[in-house]
Amino acid sequence: MNFDLKQAPFLYLLTMPISSEERGRLGGVIFAHADAYLRPLESPQFLWCKLPERVLPSPGYLFIQGINPAFLKRGFNERIFVEKVQELIKDRTVITWDANRLATLSKCAMRSFKAGEKNFAISDVLGLADLRSALHAAHLLGSLSKAPYKALDMTAALYNCQKLSKRSPERRLGELQDLTAMLRSSHQALFDYQLRSSEFKNSLLNKSLKEQTVLTCINSNGMLYLTKVINQDVQNKEFLSLQIGRKGQIKAEYISTLEGNIIAPEGVLTKERCDKLHFDLVTLKHALYASPSVCPAKLAEATDYFDPINEHDLKFLNNAFRAQTVPEPFKECSAKLMEHYFFYLGDNERGKLSYEQYRRYEKISRMQVQKQLPKYMQETQDLINHADEDSQDDALLMNAIANYPLTI
């Protein structure tokens with residue numbers, strides 16, 4: 001029986017980072033729709049994001065994920081890519097490895113004048129299931145004997161879910177699917193709880209804010225802590241909370257259901273679990289309630305990304321965030337914003353550049369590539385030195401990575 005993918009309730013999705021989080025570049029995403037039983041309904045699909053010619057990817061990121069850099073020249077421009085991903089995940093529950101890595105999508109949105117909120121790119125999901133957090137919860141609160149690693153492939157090997165095919169994004173998505181099946185088979189109640197909607201998790205946070213109740217949280221790093229919500233940032237869909245871990249250190253943090261953390265009532269910490277984890281629930285709760293409220297600095301948002309800005313910059317950004325296409329900046333906008341806009345056009349809408357602007361963009365691109373090239377080649381050589389000499393697939397991939405700068 002054919003299944004309408006538009007009606008698929010679940011989506012397996014992995015981002016494909018091609019640079020450090022600080023640089024915030026994505027090669028794209030790989031995904032597969034799934035039915036109500038979490039069974040994939042299709043072979044892995046791709047949305048590629050076109051990499052500007054002035055930016056070289058990280059050879060290490062390409063190699064570990066099995067990404068041929070030739071695909072980085074075939075994708076959508078960054079603004080359209082973000083729109084395609086938003087359309088893909090809207091009103092679905094997304095199952096991913098580490099939800100924090102989805103934050104790079106918001107960096108793409110900011111860079112292309114698409115959004116002003118931190119979590120804009122993924123704000124329309126129905127729910128977000130972070131598999132790494134769920135595995136940590138199964139280890140801490142359930143019977144899973146070993147905690148997951150940070151890396152997806154190493155974790156798949158740890159739980160005998162590793163695929164034996166060549167390294168590739170398809171293999172990684174398959175490992176995500178197999179880990180999901182393994183966890184749901186062994187800890188169904190816990191995993192089904194992680195599949196609950198963002199609306200349900202927001203209701204827990206709102207209740208904590210209104211009634212000053214304490215919640216249990218587990219993040220993707222395996223940290224178990226108590227949290228009490230003290231304020232709400234409606235625009236960014238975040239909550240300001242006080243958190244305390246088993247060592248008794250209290251800190252104030254902004255949290256969101258879009259981070260993929262396990263958020264549950266305090267009652268999940270039964271006496272048996274607290275004894276097993278050496279978690280002094282009574283003492284930690286008392287310390288949390290006795291702590292004064294402290295407001296931490298906000299994380300960077302789009303207006304910080306374009307800082308410094310004047311009132312004309314703000315007006316332009318507000319217009320751009322709401323528009324279907326990026327409008328021209330006002331002539332009173334700051335020089336720094338005009339430079340951002342110049343690179344946006346060169347990277348995404350080159351046809352709007354004048355002849356002189358195009359020549360300038362080309363010149364700057366060559367200079368930037370030349371500056372990045374020594375590090376790129378050194379990193380490539382390091383990979384070659386440590387590569388498996390018997391793997392023809394790895395050799396072909398390394399050759400494609402080494403030759404990529406010659407193709408741009």
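See the structure printed just above.
For the structure given in this document, a descriptive report is provided here. All values reported here derive from a predicted model rather than from experimental measurement. (Residues numbered from 1 in each chain as written. Predicted model: local features only at pLDDT ≥ 70, side-chain atom pairs only at ≥ 80, totals over all residues. Heavy atoms only, no water.)

### Here we look at empty space enclosed by the protein
For the coordinates displayed, the defined rule picks out three cavities of 30 Å³ or more. Taken as a whole, the largest cavity encloses approximately 70 Å³ of empty space. What lines the largest cavity is Leu 14, Thr 15, Pro 17, Gln 65, Thr 96, Trp 97, Asp 98, Arg 101, Leu 102 and Arg 172. Counting residues per element, the lining of the largest cavity draws most heavily on strand β1 (residues 10–17), at three residues. Its residues placed into classes, the lining of the largest cavity shows four nonpolar, three polar and three charged. (1 Å grid on protein atoms, 1.4 Å probe; cavity = no way out; pocket = protein on both sides within 12 Å on 5 of 7 lines; lining within 4 Å. Points joined across faces, edges and corners; volume = space filled by probe spheres on them. Helix = DSSP H or I, 4+ residues; strand = E, 2+ residues; numbered from the N terminus. Nonpolar A, V, L, I, M, F, W, Y, C, P; charged D, E, K, R; others polar.)

### Topic: the sheet that holds strand β4 (residues 93–96)
With mixed pairing, the five strands of this open sheet are ordered in space as β3-β2-β1-β4-β5. The strands lining the two open edges of the sheet, one partner per strand, are β3 (45–48) and β5 (127–130). The mean angle between the axes of side-by-side strands here comes to 25°, regardless of whether they run parallel or antiparallel. Note: β1 against β4, three bridges, orientation parallel. Across the sheet, the residue bridging to Tyr 12 is Ile 95, located in β4. (Pairing = 2+ DSSP bridges. Axes fitted to C-alpha atoms, helices over the stretch in contact; angles between N-to-C directions.)

### Overview of the packing of aromatic side chains
Applying the stated rule across the entire model yields nine aromatic pairs. Between Phe 342 and Tyr 361 the ring centres are 6.2 Å apart and the planes differ by 70°, which places this aromatic pair in the edge-to-face class. One end of the pair, Phe 342, is in helix α13 (residues 335–348); the other, Tyr 361, is in helix α14 (residues 355–386), with 19 residues separating them in the sequence. For the residue pair Phe 342 and Tyr 361, the accessibility class agrees, reading buried in each case. These aromatic residues form a ring-pair network of at least three members: Phe 113, Phe 316, Tyr 341 and Tyr 344. In this structure, Arg 74 packs its charged tip against the face of Phe 71, placed 4.8 Å from the ring centre. For the cation-ring pair, Arg 196 lies above Phe 200, with the distance from its terminal atom to the ring centre recorded as 3.7 Å. (Phe/Tyr/Trp six-rings, centres within 6.5 Å; stacked < 30°, edge-to-face > 60°. Buried < 20%, exposed > 50% of the residue type's maximum accessible area, 1.4 Å probe, protein only. Lys NZ or Arg CZ within 6 Å of the ring centre and 35° of its normal.)

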